Amino acid sequence: MIIKSAKFVCSSSRIGQCPKGDIPEFAFIGRSNVGKSSLINMLCGVKGLAKVSSTPGKTQLINHFIVDGSWYLVDLPGYGYAKVSKNVRKGFSKLITDYTVKHENLCFLFILVDSRHEPQRIDLEFIDAMGDAGVPFAIVFTKSDKLSSAELERNISAYKDTLSRTWAELPLFFTTSSEKRVGRDDILGFIETTLEEVMQADDTAE
């Protein structure tokens, strides 16, 4: 997939404010400071498209970006950041749940986890919640350039081993580095294939 244009459309504090219509949406979510904004900018090839901040919890709204006029890339609030108030965390939780579980235009969810760390409980709990809700998703390991190949393989294997205890079939995995542009073709290729399947399904339904 070659992206020719990517533009910010709107920010929403509830799903009722999200863009109307039937344009397919691909959303990205993860713990605060996992490198989500950097990954979005790398995928779209537009520096500063998603605002990168050193302050965790910066994204507090659902942000929609229109890509090539044909699909939305959606930047969701980070989950699990303890330094925001309890009421704000509850708001994030409801906003995230409403979007991922109830928003009909969501085609696929990319759950970002920091490849430098062993499996974190909050990530595993969110992954399980999405599985229980039947949300189609993949796990995206970020910041792969920050550790050796052996360390990366060990941490990814740890995730697979942990999930294998409760999952009959493991989700898709992508490995990325925003700085080295690793994983860009894999994720965009997957999105392109999924979009083609959506269009074929729509044609069949008609």
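Everything numeric in this text was worked out from a predicted model, so none of it was measured. (Residues numbered from 1 in each chain as written. Predicted model: local features only at pLDDT ≥ 70, side-chain atom pairs only at ≥ 80, totals over all residues. Heavy atoms only, no water.)

> Could you give me a rundown of the overall build of the chain, with the residues and numbers involved?
Broken down by element type, the chain carries 5 helices and 7 strands. In sequence order, the chain lays out its α and β elements as β-β-α-β-β-α-β-α-β-α-β-α. The 206 residues of the chain split such that 47% are buried. The contacts of the chain with a sequence gap of at least 6 include a subset with a gap of at least 24, amounting to 74%. With the model as given, the accessible surface of the chain reaches about 10900 Å², and the carbon-plus-sulfur share is 48%. (Helix = DSSP H or I, 4+ residues; strand = E, 2+ residues; numbered from the N terminus. Buried < 20%, exposed > 50% of the residue type's maximum accessible area, 1.4 Å probe, protein only. Contact = heavy atoms within 4.5 Å. Areas by Shrake-Rupley, 256 points an atom, 1.4 Å probe, with all protein chains shown as cover.)

> Tell me about unusual backbone geometry, and please be specific about residues and values.
Backbone geometry at N33 places phi at a positive 70°, although glycine is not the residue there. Along the chain, N33 falls in the loop between β2 (25-30) and α1 (36-44). By relative accessible area, which is 43% here, N33 ends up partly exposed. One non-glycine residue, K143, adopts positive backbone phi at about 60°.

> Requested: an account of the pairing of strand β6 (residues 137-142), with residues and values cited.
Most of β6 sits out of view: 6 of its 6 residues are buried. Across 6 bridges, the pairing between strand β5 (residues 106-114) and β6 is parallel. By the bridge assignment, I111 is partnered in β6 with I139. Handedness of the β-α-β unit built from β5, helix α3 (residues 121-133) and β6 comes out right-handed. Handedness of the crossover joining β6 and strand β7 (residues 172-175) through helix α4 (residues 149-164): right-handed. (Pairing = 2+ DSSP bridges. Right-handed = clockwise from strand over helix to strand, strands pointing away.)

> An account of α3 is requested, with residue identities and associated values reported.
End to end, α3 covers 18 Å across 13 residues, agreeing with the expected 18 Å (1.5 Å per residue, within 8%). If you check which residues of α3 are buried, you get D123, L124, F126, I127 and M130. Across the axial projection of α3, the buried residues extend over an arc of 165°, all falling on one side. The exposed residues of α3 that point more than 90 degrees off its buried face are R121 and D132. Where α3 terminates, the next one or two residues include G134, which has phi positive at roughly 75°. (Expected span 1.5 Å × (residues − 1). Arc of directions from axis to C-beta.)

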